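Close look at the chain arrangement
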Amino acid sequence: MKKTAIYPGTFDPITYGHLDIITRAIKIFDNIIIAVSSNNLNKKTIFSLKERIKLTRLATLHLDNIKKIIGFNDLLANLAKKENTNILIRGVRTIFDFDYEIKLAAINKQIYPELDSIFLLSSKEVSFISSSFVKEIAKYKGNVEPYLPKEIHFALLKKIKKISNK
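This one's a predicted model, so the numbers in the text were calculated from it and none came from an experiment.

About the criteria used
Residues numbered from 1 in each chain as written. Predicted model: local features only at pLDDT ≥ 70, side-chain atom pairs only at ≥ 80, totals over all residues. Heavy atoms only, no water. Core = buried A, V, L, I, M, F, W, Y, C linked by side-chain atoms within 4.5 Å. Buried < 20%, exposed > 50% of the residue type's maximum accessible area, 1.4 Å probe, protein only. Helix = DSSP H or I, 4+ residues; strand = E, 2+ residues; numbered from the N terminus. Contact = heavy atoms within 4.5 Å. Salt bridge = Lys/Arg side-chain N within 4 Å of Asp/Glu carboxyl O. 1 Å grid on protein atoms, 1.4 Å probe; cavity = no way out; pocket = protein on both sides within 12 Å on 5 of 7 lines; lining within 4 Å. Points joined across faces, edges and corners; volume = space filled by probe spheres on them. Nonpolar A, V, L, I, M, F, W, Y, C, P; charged D, E, K, R; others polar.

This part is about the nonpolar core. One finds Ile22, Ile32, Ile89 and Leu156 to be the most contacted residues of the largest nonpolar core, which totals 33 residues. Secondary structure elements with two or more residues in this core: strand E1 (4–9), helix H1 (16–25), strand E2 (31–37), helix H2 (49–60), strand E4 (87–92), helix H5 (131–139) and helix H6 (150–164). With residues near it in sequence (within four places) discarded, isoleucine 89 still touches Ala5, Ile6, Tyr7, Pro8, Ile21, Ala25, Phe29, Ile32, Ile118 and Leu120. Counting residues in each nonpolar core, the second largest holds 13 residues, with Ile6, Ala77, Tyr112 and Leu115 among its members.

A side chain with one charge may pair with a side chain of the opposite charge, provided their charged atoms come close. Summed over the entire model, instances satisfying the criterion amount to eight salt bridges. A salt bridge links aspartate 12 to lysine 135, with the shortest nitrogen-to-oxygen separation between them at 2.8 Å. With aspartate 12 in the loop between E1 and H1 and lysine 135 in helix H5, the pair connects residues that are 123 residues apart, well separated along the chain. Among the salt bridges present, the one from lysine 103 reaches aspartate 99, with a minimum N-O distance of 3.1 Å.

Glancing now at the layout of surface pockets. Remark: the empty space left among the atoms is shown by a probe the size of a water molecule rolled over them. In this structure, the second largest pocket encloses a volume near 290 Å³. Around the second largest pocket, the lining residues are Lys44, Thr45, Ile46, Ser132, Lys135, Glu136, Lys139, Ile160, Ile163 and Ser164. For the lining of the second largest pocket, the secondary-structure elements that each account for two or more residues are H5 and H6. No other element matches H5, which puts four residues into the lining of the second largest pocket. Across the lining of the second largest pocket, the residue classes break down as three nonpolar, three polar and four charged.

Interpretation note: all reported values are geometric properties and have no functional meaning in isolation.
Written as C-alpha coordinates, this is what we have:
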(Lines give C-alpha, C1' and ligand atoms only; values in the text may rest on other atoms or scores of the structure.)
Protein backbone atom coordinates (compact mmCIF):
# COMPACT_ATOMS: atom_id res chain seq x y z
CA MET A 1 0.00 0.00 0.00
CA LYS A 2 1.39 3.38 -1.00
CA LYS A 3 1.71 6.03 1.67
CA THR A 4 0.58 9.53 0.77
CA ALA A 5 1.31 12.53 2.97
CA ILE A 6 0.13 16.13 2.79
CA TYR A 7 2.57 19.01 3.11
CA PRO A 8 0.43 22.09 3.81
CA GLY A 9 1.53 25.69 3.86
CA THR A 10 0.91 29.20 2.68
CA PHE A 11 3.94 29.18 0.34
CA ASP A 12 3.93 32.95 -0.12
CA PRO A 13 6.35 32.42 -1.83
CA ILE A 14 7.79 28.92 -1.78
CA THR A 15 11.43 29.06 -0.59
CA TYR A 16 14.44 26.78 -0.43
CA GLY A 17 13.31 26.05 3.13
CA HIS A 18 10.04 24.59 1.86
CA LEU A 19 11.87 22.69 -0.88
CA ASP A 20 14.24 21.22 1.71
CA ILE A 21 11.27 19.68 3.54
CA ILE A 22 9.59 18.49 0.32
CA THR A 23 12.80 16.96 -1.05
CA ARG A 24 13.38 15.01 2.14
CA ALA A 25 9.70 13.99 2.47
CA ILE A 26 9.60 12.43 -1.01
CA LYS A 27 12.34 10.05 0.14
CA ILE A 28 10.08 8.86 2.98
CA PHE A 29 6.63 8.77 1.39
CA ASP A 30 5.42 7.32 -1.91
CA ASN A 31 3.37 10.41 -2.77
CA ILE A 32 3.21 13.97 -1.52
CA ILE A 33 0.24 16.28 -1.88
CA ILE A 34 1.30 19.89 -1.54
CA ALA A 35 -1.66 21.81 -0.14
CA VAL A 36 -1.54 25.57 -0.53
CA SER A 37 -3.69 27.36 2.04
CA SER A 38 -6.07 29.89 0.53
CA ASN A 39 -5.97 32.03 3.63
CA ASN A 40 -4.39 32.22 7.02
CA LEU A 41 -5.69 34.68 9.59
CA ASN A 42 -2.15 35.31 10.82
CA LYS A 43 -0.55 35.92 7.43
CA LYS A 44 -1.16 38.52 4.78
CA THR A 45 -0.27 37.03 1.42
CA ILE A 46 1.05 39.04 -1.50
CA PHE A 47 0.46 36.34 -4.10
CA SER A 48 -3.03 35.09 -4.87
CA LEU A 49 -3.86 31.44 -4.25
CA LYS A 50 -3.71 30.76 -7.99
CA GLU A 51 -0.27 32.41 -8.23
CA ARG A 52 1.06 30.48 -5.22
CA ILE A 53 -0.12 27.16 -6.69
CA LYS A 54 1.51 28.05 -10.03
CA LEU A 55 4.79 29.09 -8.38
CA THR A 56 4.82 25.96 -6.22
CA ARG A 57 4.31 23.85 -9.36
CA LEU A 58 7.20 25.64 -11.07
CA ALA A 59 9.50 25.16 -8.08
CA THR A 60 8.75 21.43 -7.81
CA LEU A 61 8.73 20.37 -11.47
CA HIS A 62 12.05 18.57 -11.01
CA LEU A 63 10.77 16.44 -8.12
CA ASP A 64 9.23 12.99 -8.39
CA ASN A 65 6.41 11.69 -6.20
CA ILE A 66 4.49 14.96 -6.08
CA LYS A 67 1.00 13.54 -6.50
CA LYS A 68 -0.66 16.93 -6.89
CA ILE A 69 -0.59 20.54 -5.80
CA ILE A 70 -3.92 21.86 -4.60
CA GLY A 71 -5.39 24.91 -2.97
CA PHE A 72 -7.54 24.47 0.10
CA ASN A 73 -9.79 26.47 2.39
CA ASP A 74 -10.60 24.07 5.20
CA LEU A 75 -9.22 22.54 8.37
CA LEU A 76 -6.14 20.38 7.73
CA ALA A 77 -7.84 17.41 9.37
CA ASN A 78 -10.79 17.70 6.99
CA LEU A 79 -8.45 18.02 4.02
CA ALA A 80 -6.56 14.89 5.06
CA LYS A 81 -9.82 12.93 5.31
CA LYS A 82 -10.92 14.22 1.91
CA GLU A 83 -7.57 13.25 0.37
CA ASN A 84 -7.71 9.83 2.02
CA THR A 85 -4.49 10.17 3.99
CA ASN A 86 -3.65 10.25 7.66
CA ILE A 87 -0.22 11.89 7.51
CA LEU A 88 0.68 15.58 7.65
CA ILE A 89 4.23 16.74 7.10
CA ARG A 90 5.27 19.80 9.06
CA GLY A 91 8.58 21.60 8.82
CA VAL A 92 10.10 22.85 12.05
CA ARG A 93 12.84 25.51 12.14
CA THR A 94 12.86 26.62 15.76
CA ILE A 95 11.58 25.76 19.21
CA PHE A 96 8.83 28.35 18.64
CA ASP A 97 7.70 26.47 15.49
CA PHE A 98 7.74 23.24 17.47
CA ASP A 99 5.58 24.69 20.25
CA TYR A 100 2.98 25.85 17.71
CA GLU A 101 3.11 22.57 15.75
CA ILE A 102 2.59 20.43 18.88
CA LYS A 103 -0.61 22.35 19.62
CA LEU A 104 -1.78 22.13 16.01
CA ALA A 105 -1.09 18.38 15.93
CA ALA A 106 -3.12 17.87 19.12
CA ILE A 107 -6.09 19.79 17.72
CA ASN A 108 -5.90 17.89 14.42
CA LYS A 109 -5.79 14.60 16.36
CA GLN A 110 -8.97 15.60 18.21
CA ILE A 111 -10.74 16.29 14.92
CA TYR A 112 -9.34 13.26 13.06
CA PRO A 113 -7.93 10.67 15.52
CA GLU A 114 -6.13 8.69 12.79
CA LEU A 115 -4.19 11.77 11.67
CA ASP A 116 -0.50 11.89 12.53
CA SER A 117 1.84 14.83 12.10
CA ILE A 118 5.40 14.07 11.06
CA PHE A 119 7.86 16.81 11.98
CA LEU A 120 10.91 17.32 9.81
CA LEU A 121 13.58 19.61 11.18
CA SER A 122 14.86 22.11 8.66
CA SER A 123 18.38 21.55 7.43
CA LYS A 124 20.76 23.97 9.09
CA GLU A 125 21.57 25.61 5.74
CA VAL A 126 17.97 26.80 5.34
CA SER A 127 16.65 26.86 8.88
CA PHE A 128 16.63 30.66 9.02
CA ILE A 129 14.63 31.15 5.80
CA SER A 130 10.99 32.16 6.06
CA SER A 131 8.67 33.58 3.43
CA SER A 132 7.95 36.51 5.74
CA PHE A 133 11.63 37.42 6.03
CA VAL A 134 12.16 36.99 2.30
CA LYS A 135 9.24 39.33 1.50
CA GLU A 136 10.53 41.90 3.99
CA ILE A 137 14.03 41.82 2.51
CA ALA A 138 12.63 42.11 -1.03
CA LYS A 139 10.40 45.01 -0.03
CA TYR A 140 13.49 47.01 0.95
CA LYS A 141 15.38 45.93 -2.17
CA GLY A 142 17.66 43.48 -0.41
CA ASN A 143 19.03 40.43 -2.19
CA VAL A 144 16.64 37.46 -1.85
CA GLU A 145 18.18 35.38 -4.62
CA PRO A 146 19.92 32.94 -2.21
CA TYR A 147 16.60 31.97 -0.62
CA LEU A 148 14.45 31.26 -3.68
CA PRO A 149 14.48 29.23 -6.88
CA LYS A 150 15.22 31.44 -9.88
CA GLU A 151 11.66 31.60 -11.28
CA ILE A 152 10.25 32.35 -7.82
CA HIS A 153 12.88 35.06 -7.28
CA PHE A 154 11.83 36.82 -10.49
CA ALA A 155 8.13 36.48 -9.67
CA LEU A 156 8.67 37.99 -6.21
CA LEU A 157 10.66 40.95 -7.54
CA LYS A 158 7.96 41.59 -10.15
CA LYS A 159 5.21 41.39 -7.50
CA ILE A 160 7.06 43.69 -5.08
CA LYS A 161 7.61 46.21 -7.87
CA LYS A 162 3.91 46.09 -8.79
CA ILE A 163 2.87 46.58 -5.14
CA SER A 164 5.34 49.46 -4.70
CA ASN A 165 3.97 51.27 -7.76
CA LYS A 166 0.44 51.37 -6.38
